[in-house]
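Spelled out, the chains give:
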There are 4 protein chains.
Amino acid sequence: MQTIKVGIIGAGRIGKVHAENIAKFVPEMEIKTIADPFMSEETVEFLQRLRIPNIVSDAEAILKDPEIKAVIVCSPTDLHAEYVIRAAEAGKDIFVEKPIDYRLDRVHAAIDAAKKAGVKLQVGFCRRFDHNHHAVYEAVRAGKIGDVNLVKISSRDPAPPTIDYVKVSGGIFYDMMVHDFDMARFLAGAEVTEVFAYGAVLVDPAIGEAGDVDTAVVSLKFANGAMGIIDNSRKAVYGYDQRVEVFGSKGAVMDVNDTPDNTVFYGEDGTVSGTCYKIMWDRYTGAFAAEQQAFADAVINDKPTPVTGEDGLYPILIAAAATKSMKEGRPVKISEIEG
Amino acid sequence: MQTIKVGIIGAGRIGKVHAENIAKFVPEMEIKTIADPFMSEETVEFLQRLRIPNIVSDAEAILKDPEIKAVIVCSPTDLHAEYVIRAAEAGKDIFVEKPIDYRLDRVHAAIDAAKKAGVKLQVGFCRRFDHNHHAVYEAVRAGKIGDVNLVKISSRDPAPPTIDYVKVSGGIFYDMMVHDFDMARFLAGAEVTEVFAYGAVLVDPAIGEAGDVDTAVVSLKFANGAMGIIDNSRKAVYGYDQRVEVFGSKGAVMDVNDTPDNTVFYGEDGTVSGTCYKIMWDRYTGAFAAEQQAFADAVINDKPTPVTGEDGLYPILIAAAATKSMKEGRPVKISEIEG
Amino acid sequence: MQTIKVGIIGAGRIGKVHAENIAKFVPEMEIKTIADPFMSEETVEFLQRLRIPNIVSDAEAILKDPEIKAVIVCSPTDLHAEYVIRAAEAGKDIFVEKPIDYRLDRVHAAIDAAKKAGVKLQVGFCRRFDHNHHAVYEAVRAGKIGDVNLVKISSRDPAPPTIDYVKVSGGIFYDMMVHDFDMARFLAGAEVTEVFAYGAVLVDPAIGEAGDVDTAVVSLKFANGAMGIIDNSRKAVYGYDQRVEVFGSKGAVMDVNDTPDNTVFYGEDGTVSGTCYKIMWDRYTGAFAAEQQAFADAVINDKPTPVTGEDGLYPILIAAAATKSMKEGRPVKISEIEG
Amino acid sequence: MQTIKVGIIGAGRIGKVHAENIAKFVPEMEIKTIADPFMSEETVEFLQRLRIPNIVSDAEAILKDPEIKAVIVCSPTDLHAEYVIRAAEAGKDIFVEKPIDYRLDRVHAAIDAAKKAGVKLQVGFCRRFDHNHHAVYEAVRAGKIGDVNLVKISSRDPAPPTIDYVKVSGGIFYDMMVHDFDMARFLAGAEVTEVFAYGAVLVDPAIGEAGDVDTAVVSLKFANGAMGIIDNSRKAVYGYDQRVEVFGSKGAVMDVNDTPDNTVFYGEDGTVSGTCYKIMWDRYTGAFAAEQQAFADAVINDKPTPVTGEDGLYPILIAAAATKSMKEGRPVKISEIEG
């Protein structure tokens, strides 16, 4: 088995998730160094238990290390593009957390840097690797439903983020529905050409005061003629509710939510089965591992990455169009944004 | 459309159910007369609303009426055999509620009378006509599961009958599991050759004091080598729980309980769907209509009845064997009973 | 039991369905007369089997009959309003099939006539009476999901109508989604204030040539702040697919499709359960009976009808707005239509 | 975090599974040594990738190592008892794969040795740790179903083992149903007092020629009055089918099979969802990890092990009774075996 040495930039929540998954499930990758200027003692202990030899503060230790072949960028979002560019210049293959950036020029700069350097770039849209959503994708790709007519996505979080976070999040379309825009393109097998968005403040007035909405409904048009509908809510009391459905000329394929177990209780007041997961990391635990396995496969076996820089760009364009649509009360073409 | 005139003997609960279903759903049958010596005013009004022209006390009015081609026997159980014999002698086709009788000689006498007279005899094992159980049967008959290896039946009632009823019921195997013995033969496509029964008093000690058990588990051997397991309980707090499963060389087919509606509630404490039906007539409403449609079809189009006199006999033999097995603590062959 | 005599105007498909359901399931209503100028021999025989005493060609026989208290209008759509007005003038309570009319002035005239005459008016939005959709409604009304945030409806037919029908149907929003507009109002407990519609021709180009679309996605805004999404397709190869979901502050409630039976087959290639119904009358058989029971209850016990004239009007306003939205590529307020 | 050093005796299929799970999911345990006299090159490479420092042929290296606190016994079954005794004498806590042995005197000797030495002993009944079965157990223990009346277990394998294996397996009750006997005790919360067994050769005549059956149905009586039914088949074409159900005075709780994903396909020929797992290791992947986590917890925090030596003994007693019951055609009390 061929193995490569990798470095992880950023040891916050997602950095630790990737570190743990690589240590457990991706024997082809050996984490040589992880860098973060602000690590708690617990974080250091956690990383030591994963037997990572170099736990450092400065990402430079990774970027300058000729042994390190690939970099996992888990820094704060506003540094994503910078690290992508620097890692590309250092000739390293790159996995970068989503979004590459909210500023389109920065996104383009990052993509261009990777292309110019001839390095691989994979963006962390982890849901594509979820066992359920991926199985829907494969059924669609295998032609089981014939031509795609409609993509339908429900995506609801168990609880809204803090108001402080909402203020800097870029808004529900950039922060939350961006995952669904990626999923919509992924499942439809076509680009979104136009969107129409309704949004409302139904969960918490403070979210409205912070300039955002907490509930949104978006219609999509795809280049292949299909249409899509997405709904988002910041608060589903029953947990992470993420279901996708694709309807076509030969049938429909959909998934239902995972639950921690498959038990069913027959009681006087009804038949009760489990709720959705309440913690995102529990819900997508397999997906996070699978996306790193896919990255390792792309790097080691010189394959294209399964989520390219463009795959990182388009959902942001759609988010921009949806934001504009909601504000202006009209459908907005993606070409208006790109232009 | 050819139609026939029929008479109903007995206007108790089941007599009224058959009367209503024939009036609504079996246009080929016209109820000319219904007879019962003990009818309340409500019963008479109910039957009048069904536009039954002759509502009488004496069954003789039916048996002597040359216009009446077929008779539905819904009398008390201990008169079933007598009415079958008299109706047979009068040359009428006969539908008789289950069981034909608990006394084997009376069952044989009834079956023999029908055979001698050359009239049709159908026994009221209504569950064979249930949309779910019947669809399982059809899947098995169509060869979808290959050779039958195992038949598995759960059958639980929402609440036990009165202790007075328990005392005269003949016991759980004759009164309740007899339906499942019929279903087991029906689904296996083979006769039961041996049974082993465990019983216990777990629901109400008064049932034990009345000489019966309220919970029972029975293993079966079939003539074709397959095996079966049946469980019964007199009390499932969640309602009528009646599920069957047939497992074979090419797969398994099973049914799940009907519920009044198909809604699902996602709440904080779990995902809740409907309970089973709590009223037997609601659960098997379609089955009761379908068995009369089948009887009409047999009579008018001169086909064999779908539930013959022998189909009425065998479950009683199995019930006798199960009762003996439980008492004697050993497996009992059906041939011990028949002999 | 108090009973009333009713007349049915129109003995086409839906007229016969109502006649049969009333005969079987609504003992409070006695069909005295059914009128249709174009009845086949089979139709006459069918109606005779239901024991309807007067089978006539001219609706005048119903409108002039002082014994007839209520009228069921099942004529061709373009005569609905006229018969409503004439029946109202004759002082009869009225059940009219949906839509009252496609011309708004005619709808208003019909509603006004009923109001002026002080007679009851019920419109045939049968899906409100479906056991599943109604149970969702009741869960919402009972407060199980808290405040309504989102209504989500999928409604797909097994096969498109003939092109000839498409040409005169008024378009998918008037002909098909009108049911979902009614359901959306019913479930949200609020009026629709604005709609945005996308439509496409994905099923059959001939539908496009006839000036209609066969697939549509509509976003809704309700007066109470909630939002809605509806998708329609003229062709789901797996049958009638009609699911509703309401999401709110305390949870979500949804229904799944009815199937002819509840069996499940475990086979080598997957676990297979039943498909949706393929025939509309099978899918909504109970709903058609229930709406007539509700009408009888309203008439006999002098209650408001559960689907009023306004309930007949608003879905048509929404259909008009959706049609305009799709054509003009912008969201359309209902007030633009009403004005 | 306190950690301990462990050794693994045996590097066959199950030894490697435990090694991998401990390496990935049980940071509290550090595998110092693994011993097996017959390791392929692939096995050695696999173990090296897990970073196990000592890969040796002789178990003595483990038993004599004072640093090693606990031993995982994964040797061939007929050496289980011997290694348990030797590890106990060496003062090490012990995890031993099921069954401890098929010879009752050896089982007792092993249990006694552990007791005498005062070391912990855990037996590898992994299914108790399965997320579904465990959640059923917890619902029962929490009193959700009230008093237990009935335990119902279906357990079917995707394909029979080789005939060579069948010959030395001890028979279906020892080899396969022993898991279900353990599960029955676990779920009922009571000891089995009597069993009745039917067996048949329905899958492959060669299994019969080897002196075993391939399909079996067993009834159980528990000390608390409850009853049980278990069915086993060596061949379910649709995969591992393992469902448990517990019915009691307040309801029933059951689990359904895990599937690789939760997708549902609506097609013309039915609604298709996934099949059961076809590979045992995939089905119980989480359970194997969880039982080692539980063992580590018991050893490090000085808690009782969750599956004791007696828990290893009783299912073997029940298997002996079931074997005797099938041969002698009568119910057999467990006390007949123990005596």
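Please refer to the structure placed before this passage.
Rules and cut-offs
Residues numbered from 1 in each chain as written. Chains lettered and ligands numbered in written order. Predicted model: local features only at pLDDT ≥ 70, side-chain atom pairs only at ≥ 80, totals over all residues. Heavy atoms only, no water. Contact = heavy atoms within 4.5 Å. Buried area = accessible area lost by both parts, 1.4 Å probe. Salt bridge = Lys/Arg side-chain N within 4 Å of Asp/Glu carboxyl O. Polar contact = N/O pair within 3.5 Å; in protein donor to acceptor, adjacent residues only side chain to side chain. Helix = DSSP H or I, 4+ residues; strand = E, 2+ residues; numbered from the N terminus. Nonpolar A, V, L, I, M, F, W, Y, C, P; charged D, E, K, R; others polar. Axes fitted to C-alpha atoms, helices over the stretch in contact; angles between N-to-C directions. Parallel < 35°, antiparallel > 145°, perpendicular 65-115°, else oblique. Left-handed = near helix turned anticlockwise from the far one by under 90°. Least-squares fit on C-alpha atoms with pLDDT ≥ 70 in both. Pairing = 2+ DSSP bridges. Expected span 1.5 Å × (residues − 1). Buried < 20%, exposed > 50% of the residue type's maximum accessible area, 1.4 Å probe, protein only. Phe/Tyr/Trp six-rings, centres within 6.5 Å; stacked < 30°, edge-to-face > 60°.

Novice: Honestly, the interface of chain C and chain A in this entry has me stumped. Any pointers?
Specialist: Quite often, the size of an interface is put as the accessible area lost when its parts meet. Counting residues at the interface gives 41 residues for chain C, matched by 40 residues for chain A. Note on chain C versus chain A: buried area summed over both sides is about 3000 Å², and carbon and sulfur give 67% of it. Taken as a group, Tyr 198, Met 227 and Phe 247 of chain C account for 22% of the area that chain C buries against chain A, more than any other trio of residues on that side. One can count six salt bridges joining chain C with chain A. For the pair chain C and chain A, the interface holds nine residue pairs in polar contact (both at pLDDT 80 or more). Elements represented by at least two residues in the side of chain C that touches chain A include exactly strand 7 (148-156), strand 8 (192-200), strand 9 (215-222), strand 10 (227-233), strand 11 (241-248) and strand 12 (251-255) of chain C. Of the residues assigned to the side of chain C that touches chain A, the class counts are 20 nonpolar, eleven polar and ten charged.

Novice: Got a minute to help me understand the packing of helix 1 (residues 13-25) of chain C against helix 2 (residues 41-49) of chain C in this structure?
Specialist: For any two helices packed against each other, the geometry comes down to the angle between their axes and how far apart the axes lie. All names here are of chain C. For the pair helix 1 and helix 2, interaxial distance at closest approach is 10 Å and the crossing angle is 15°. When the axis of helix 1 is compared with that of helix 2, the two are roughly parallel. Along this stretch, helix 1 crosses helix 2, giving a crossing that reads as left-handed. Note on element contacts: helix 2 touches helix 1 through Thr 43, Phe 46 and Leu 47, opposite Lys 16, Ala 19 and Glu 20. The class makeup of the residues in the contact of helix 1 with helix 2 is three nonpolar, one polar and two charged.

Novice: Help me understand the relation of the copies chain C and chain A in this model?
Specialist: Of the two same-sequence chains, chain C is brought onto chain A (RMSD 0.0 Å, axial shift 0.0 Å) by a rotation of 180°. Taken together, these values place the two copies in the relation of a two-fold axis. Proximity to the rotation axis, assessed at the C-alpha, singles out Arg 330 of chain C in chain C; its C-alpha lies 2.8 Å from the axis. Comparing interface residues between copies, 98% of those in chain C also sit at the interface in chain A, which points to an isologous, same-surface contact.

Novice: Sorry, what's going on with the sheet that holds strand 3 (residues 54-56) of chain C here?
Specialist: By definition, the strands of a sheet pair up through backbone hydrogen bonds, in either a parallel or an antiparallel sense. All names here are of chain C. Pairing within the open sheet is parallel, and its six strands lie in the order 3-2-1-4-5-6. The open sheet has two free edges, formed respectively by strand 3 and strand 6 (121-123), since each of these has just one partner strand. Between one strand axis and the next, the sheet turns through 20° on average, direction left out of account. For strand 2 (residues 29-35) and strand 3, the ladder comprises three bridges, and the chain directions are parallel. Across the sheet, Ile 34 pairs through a bridge with Ile 55, a residue of strand 3. Against the sheet, helix 1 engages strand 1 (4-9), strand 2, strand 4 (68-73) and strand 5 (93-96), with an angle of about 155° to strand 2. Sheet contacts for helix 12 (residues 285-300): strand 1, strand 2, strand 4, strand 5 and strand 6; angle to strand 5, the most-contacted strand, approximately 165°.

Novice: So what exactly am I meant to see when it comes to the relation of the copies chain B and chain A here?
Specialist: The pair of chain copies shares a relation made of a rotation about an axis and a shift along it. Expressed as a screw transformation, the operator carrying chain B onto chain A has a rotation angle of 180° and an axial translation of 0.0 Å, and the superposed copies differ by an RMSD of 0.0 Å. When the interface residues of chain B are mapped onto chain A, 100% of them again lie at the interface, so the same face is used by both copies.

Novice: In this structure, what is going on with helix 4 (residues 77-89) of chain A? I would like to understand it.
Specialist: Every α-helical turn comprises 3.6 residues, leaving residues that sit three or four positions apart pointing alike. All names here are of chain A. For helix 4, built from 13 residues, the straight-helix expectation of 18 Å at 1.5 Å per residue is met to within 8% by its first-to-last C-alpha distance of 19 Å. Of the positions making up helix 4, those classed as buried are His 80, Ala 81, Tyr 83, Val 84, Ile 85, Ala 87 and Ala 88. Packing partners of the buried residues in helix 4 comprise strand 1 (4-9), helix 3 (60-63), strand 4 (68-73), strand 5 (93-96), helix 5 (104-117) and strand 6 (121-123). Looking one or two residues past helix 4, Gly 91 carries a phi angle of roughly 80°, positive in sign.

Novice: Sorry if this is basic, but what is going on with the packing of aromatic side chains here?
Specialist: The geometry of two aromatic rings is summed up by the distance between their centres and the angle between their planes. Under the definition given, this model contains 32 aromatic pairs over all chains. Measuring from ring centre to ring centre gives 3.8 Å for Phe 196 of chain A and Phe 196 of chain C, while their planes differ by 15°; the resulting arrangement is stacked. Taken together, the positions of Phe 196 of chain A in strand 8 (residues 192-200) and Phe 196 of chain C in strand 8 put the pair across two chains. For the pair Phe 196 of chain A and Phe 196 of chain C, a shared accessibility class is recorded, and that class is buried. Through a chain of ring-to-ring contacts, three or more aromatic side chains come together here, namely Phe 196 and Tyr 198 of chain A together with Phe 196 and Tyr 198 of chain C.

Novice: Is there a simple way to think about the interface of chain B and chain A in this case?
Specialist: With 16 residues of chain B at the contact, the number on the chain A side is 16 residues. Summing both partners gives a buried area of about 1200 Å² for chain B against chain A, and 57% of it is carried by carbon and sulfur. If you sort the residues of chain B by the area they bury against chain A, Tyr 266, Glu 268 and Thr 271 of chain B come out on top, with a joint share of 41%. At the boundary of chain B with chain A, the tally comes to zero salt bridges. Inspection of the region where chain B meets chain A yields six residue pairs in polar contact (both at pLDDT 80 or more).

Novice: What should I look at first to understand the sheet that holds strand 4 of chain A in this one?
Specialist: Residues and elements named next belong to chain A. The sheet built from six strands is open, its strands ordered 3-2-1-4-5-6 with parallel pairing. Among the strands making up the open sheet, the edge pair consists of strand 3 (54-56) and strand 6. Pairwise comparison of adjacent strand axes, ignoring direction, gives a mean angle of 20° for this sheet. Of the strands in this sheet, strand 1, strand 2 (29-35), strand 4, strand 5 and strand 6 are in contact with helix 12 (residues 285-300), which crosses strand 5 at around 165°.

Novice: Looking at this structure, how should I read the side chain of Asp 231 of chain D?
Specialist: Relative to the helices and strands, Asp 231 of chain D resides in strand 10 (residues 227-233). We classify Asp 231 of chain D as buried; its relative accessible area is 1%. For Asp 231 of chain D, the side chain forms a polar contact with the side chain of Arg 156 of chain D, separated by 2.9 Å. In this structure Asp 231 of chain D touches Leu 150, Lys 152 and Ile 229 of chain B together with Ile 153, Ser 154, Ser 155, Arg 156, Ala 216 and Val 217 of chain D, once residues within four positions along its chain are discounted.

Novice: Sorry, what's going on with the environment of Phe 125 of chain D here?
Specialist: Residues and elements named next belong to chain D. Structurally, Phe 125 can be placed in the loop between strand 6 (121-123) and helix 6 (131-141). Overall, the relative accessible area of 2% leaves Phe 125 in the buried class. With 27 residues separating them along the chain, Phe 125 and Lys 98 place their C-alpha atoms 6.3 Å apart. Other than its neighbours up to four places away in sequence, Phe 125 contacts Lys 98, Val 178, His 179, Asp 182, Glu 291, Val 307, Asp 311, Gly 312 and Pro 315.

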